[in-house]
Structure formats: C-alpha cells, structure tokens
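Geometric and topological summary
One-letter residues, chain by chain:
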Amino acid sequence: MSVLKQYWWKTLGALLVLYSLVAGLLLPLKPGIIETSPSIGVVDTTMDISIRGYNSHYLSSGDNRVWLKLSNEFMILASAVRPLSETNLIATFQIPPFLPVPEQSADCSIVLDNSIDGPAVKPTALFLRQKENNVDMGFAYWKKDQIQNLHTSKGVRFPFRGILEETIRNTYYHVPMWFGMIFLFLGSLVYSIKFLRGNDPHGAEKTTALNMAGLLFGILGLLTGMIWAKFTWNSFWSMDVKQNMAAIATLIYLAYFMLRSAIEDEDKRDKVTSAYNIFAFITLIPLLFIIPRMTDSLHPGNGGNPAFGGEDLDNTMRLVFYPAVLGWTLIGFWLADLYFRTEQIKLRVLTLINDNQ
Amino acid sequence: MLSTTQQIVNLIRLYWALEGRSRQLLSGVLLYVVAIVLVTSYIFGSPDGETWLALFWVILLFASVNTGVLSFMQESGGRRWYYFQLAGPLAVYLAKAIHLFTLLVVVGILTAGLMSVLYGFPVQNPLLLLYAALLATSGLSLLFAFMSAIASQSGNASTLTTIIGFPLVIGLSLLAGKIARGSLMVGLSAVDLQWDIIMLIALNMLIGGMGILLFNYIWRD
Amino acid sequence: MSKRILIVAFILVLSQLAMASGTGEDFFRATGKIYVVFAVIISIFAGLIFFLFRLDRRISRIEKQINPS
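Residues numbered from 1 in each chain as written. Chains lettered and ligands numbered in written order. Predicted model: local features only at pLDDT ≥ 70, side-chain atom pairs only at ≥ 80, totals over all residues.

So, on to the interface of chain A and chain C. In this assembly, 23 residues from chain A lie in contact with 20 residues from chain C. Top contributing element to the side of chain A that touches chain C by residue count: helix α7 (residues 315–356) of chain A, with 8 residues. (Contact = placed C-beta atoms within 7 Å. Helix = DSSP H or I, 4+ residues; strand = E, 2+ residues; numbered from the N terminus.)

Here we come to unusual backbone geometry. With the exception of glycine, most residues fall at negative phi, and the peptide bonds are largely trans. Residues and elements named next belong to chain A. P38 follows S37 through a cis peptide bond whose omega is -5°. Despite not being glycine, D44 has its phi angle at roughly 60°, a positive value. Position of D44 relative to the elements: it lies in the loop between β2 (40–42) and β3 (46–54). The class for D44 is exposed, based on 11 C-beta atoms found within 10 Å. Of note in the backbone geometry, N55 takes a positive phi value of approximately 55° without being a glycine. Looking at where N55 falls in the secondary structure, it is placed in the loop between β3 and β4 (65–69). A tally of 19 C-beta atoms within 10 Å means that N55 is categorised as partly exposed. (Buried ≥ 20, exposed ≤ 12 C-beta atoms within 10 Å, placed from the backbone.)

Attention now moves to the pairing of β4(A). Residue and element names in this part refer to chain A. Across the 5 residues that make up β4, a large majority, 5, are buried. Of the two faces of β4, both are covered, the one formed by R65, W67 and K69 as well as the one formed by V66 and L68. Pairing geometry for β4 and strand β8 (residues 105–114), over 5 bridges, is antiparallel. From the neighbouring strand, L68 faces β8, where its bridge partner is I110. In the sheet, β4 pairs with strand β5 (residues 75–77) via 3 bridges, with the strands oriented antiparallel. In the sheet register, L68 faces β5, and the bridge partner there is I76. As consecutive antiparallel partners, β4 and β5 are separated by 5 residues. (Pairing = 2+ DSSP bridges.)

See below:
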C-alpha cells in the first residue's frame, strides 16, 4: 500500500481541523449591539438611550440611524444620534404619548444602521409603559417612520448573537465533538455487527478502539459544553435535556468498558461486549434523537427539532462548521486506529515471546 | 427438537415448578417490596401524586434488576447446560423475558395495592398508568433478561447487571414516566399521548428484536 | 502517582493564573467572551494530549516486554 493511500485521510483530517481553527478564530464577527440603557421607559417623554456596540464604527461612519422597533409594522426613528466613540453612541427618541397596542406596556428592540457596519439589532432592549391606551393615536405615531434602505454588512463575517458574542465560534469546536462521537459509535456498531457475523476477526478490538476515541470525544463534548454554558447560560450544569442525555450516553459507554474489564475469558469477552455494544447504540437512539425533540431545551432549535437553522448557523458558519465536523471525525478515527494498532502489536509480541520460551 | 413455542412453554413450566419448590425468587422480591413500601411510609408519611409515581417506578425498577440477577444466578454450571440441551437460545431468551414479565406484573400489582392502602391512590386515569406500567415492565423484562445473561458470564453478576443495565433503561423510563405523569391529570386519555405510547411500543420492539437477534451469540459458549 | 499530582497541581496553578490575570469571571466575560473559546480549545487540546499519554504508556509497556533490561 502506498504511503499516500494510508495517510491521505489523516492528512485531510488534520488540514480540515487546522482550517476550522484558522478560519473559525480569525474571521471577525459582524458588528452588533452589546447593551443599551436605560431598559425601562414611559411614554410621552424624550429619552436618551446610550448604545454600546461591538466591532462597530459609529464615529467614522457619519450616517448612523437608530430605530425603536415594536413590531415589523410599528417603529419610530431617533430624532438625534450622537456618536461618542466608535463603540458608543447616544440616540435621542421622542417617545409618542400612546403605544399602538391595547396593553399597558410593550417590548421594543433597537435597530441601528450605518454605511460601514450594516444593520445591527438588540432584541427586547426597551420596556415601554403607558397609563392609558389609545390604539388609533398610537397607530398614527408609530407608523410614520419605516425601516428603509438598510445597508449590507461587508466582508465574510460570523453573525453577532446576543449572549453568545464571540463564543459563537465554539460551534466549530464543541459541536464537532458530538458529531464525531456519534460517527465513532456508529463505526463501532458496524464493527461489532461484522464481528458477530464472523466477517471480521478483529471486529471486537476495533469496536473497543472506536469506543475509546468516541468516549474521549463524548467527555470532551461534555466538558467544553459545561465551560460554554457557564458563560452563556450562567451555570455549568442547567439540567438541560441534551446535557443530561449526553451524560447518560457517556455512562453507557463507560459501562461498556466496565463490562470488558469484568470478563476474563477472551472469546467470551469479545462476543459479549460486541453484543452489548449493539444493544447500547440501539438504546442510545431514543436518548439522542427522540427525547430531546420532545422536551424544551436551551440548545438552539429547542422544543421541536434540534436542527441548525436560521441565525444559529448561517451560510458563512456552515463553511467552517461542516469541514470542522468532518475533520474532527477523521481525527477521531485516527486516534482509534492508533489505539487498535498498538493493541495488535501487543498481542503479536506476547505470542512471539510465548513461542520463544 | 420441539417447536420454539413448545420449548418456551416447557421452560416457563420448568421455571414455575422450580419457583414452587424453592420460592426463592418470588418471596425475595415480595419481601423487598413490602419492606420498601413500609419503610418509606414511616419516613415520608403520605406523598403527593408525583412522589407516589416516582416511588412506584423506583420500586419496579429495582425489583426488575433483582429478579433478573437472581433468575440467572440460579442457573450456574449444570443447570445452564441442561437448558442448553433442552431448548434453543431464542426459546431461552423469550421464556426468561416472559417469566420476568409475569413476576414483574405480580410485583407491580402488589406494589400499587400496598401503596394505595398506605398512601391512597392519587391516579386520576388508571388506564394510562396501566399502559405505562405494562409497556415499561415488558421493556424492562426484555432488557434485563438480556443484561443479566450478559452479566452472568462474569464473576460478580449482580453488580455488573446494575452497572450495565441502568444507563440503558433511562430512555425507557423517561418515556414511560411521561405517560405515567399523564395519568395524574384529569381528562387526559391515551389518544392525547398516542405518540409517546407508539414510541414506547417501538422501543419495546427494538429491544426485543435486538435481544432475539443477539442472544444467540452470547448464549453459545 | 506523584506525576499525576504534579499534573493536577500544574492545571490548578494555570487556572489560578488565568483567574488572577483578570478579575475573576470578568476576565472571561470581557472582550466579547473570546476567552471562553480559548478555554474550550485548550480543554480539547488537553483531552488529546491525555489520550497521547495513555497510548505512550501502552507502547512503553510493549517495549519493555521486547527488551526486558
């Protein structure tokens, strides 16, 4: 076998991971709004709202426009915009006397646009209260200014998301751990079936090697997820359904290794652990793919389907994310390959030593 | 060789005959249930609906582990060889699962009865609880018939069954628990939870199918 | 055994350094939380290194069996 044939996929994996590290860390985020204050206001006043931006150019672009947006139909334009620095800006709003809603209060988001940065949104930025309501008058006030002629942001950039900020890049490092784990466990399932059907005499050892790498990825996924959760959801463990299911998945495969160490007879051990491995993967299916879809989760795409859609993974992110998944999966198979070959050499050495004696 | 159905029937008859002689399995489990219910009643007094269900569930779960372990422990050495002569692996697995299932149904009825006497019966919709309990016990017995067979291949079967079995039953018990919680609400019927029930049936079939396919490999020595 | 204690101590010192160089949690939350990404990448790296160490130990054991001197 030529060198290229053996090493091409390992090289590919390394290059893809390298690419995901470089592109995932070096591409900047789109400009966004980190915080606005104050967050509560009443109608019929003049409000100065200070806005703190991220990666923004408020001073160098002279054409900042700021809207207070109640819904897609209702919004008002700031009467004056005063940039203090590239990342600080004060927008003055004449809040009309009535809101266009029958309720006593409404949540507004703030939309900011200029020619360098393009549009940025801070959702639920301002909570407005009114004493009495007059929907018709409110309509008249809030319908006047419409959001028009938004600029587009320039360059290849990752989306800016409220609490995530720069940690959106963890999508390329935390999530591929899970994908890699599932692919590795899938691989181990295939080899246990092959072993039990008698198609692969080394299937049981390959199963163990793949499970070893998969378990490493699973534990790393848990660990990195906990770090990420601490700084976005404010606690290491929030009993989120996916966190729990992932912990159970790692437990199942830890049990595989317990079982493997508990049986001494080699033939019996290989057969029994392969059978358990198939069973384990089958019971993993409801844990990873059915129950998370039935329960609310903090993870993106919660409730209905835990898929990646919309703003959580836009097209720019896909260009880094999918290569990262493939790259880490290949690295995982590489680790498993190394482990498997080491074990094979160990067995060969043992038989050689026994023959010599 | 006899047909598989005939083998299963023979094996189950044999199990009950053994059970009738030693009464080791059933009496052990029953003693465990009565003790647990009494102890918890002393500690907690009378629990609310959710706790009632949780208690019921935990008792059933541990009973299934214990029965599974005990039933395969009895079969060490000679007797195991005897079964091997008597019936094929499919028959042994199914007979074991059915035997476990009947034992667990007895345990479940007894637990529910004892708990209703001591704590009252908070369930609004007994039919839903019945579905959940039946589907869960069938899944548990299919799973533990397999797991205890695996564990019996090693030295200390009882610890190993718990270790390798518990992570696997979590999916099953979460699904069944969701249906069981529905039984606490007034006016909820099986139609409202049909997807969960279908999912649980599918999971049962999956576990059973896997067990039937794989038992062959772990049973042959 | 003492090696393990050394590694744990090293990690503890490292995390203390990371905490001390900023003011606790604010260090991680500053500048768009970029250091959370750093921590995630470092832990993946540590995991891979851990795997390498275990593999290394296995290979050393085999080497010892080939030439027991």
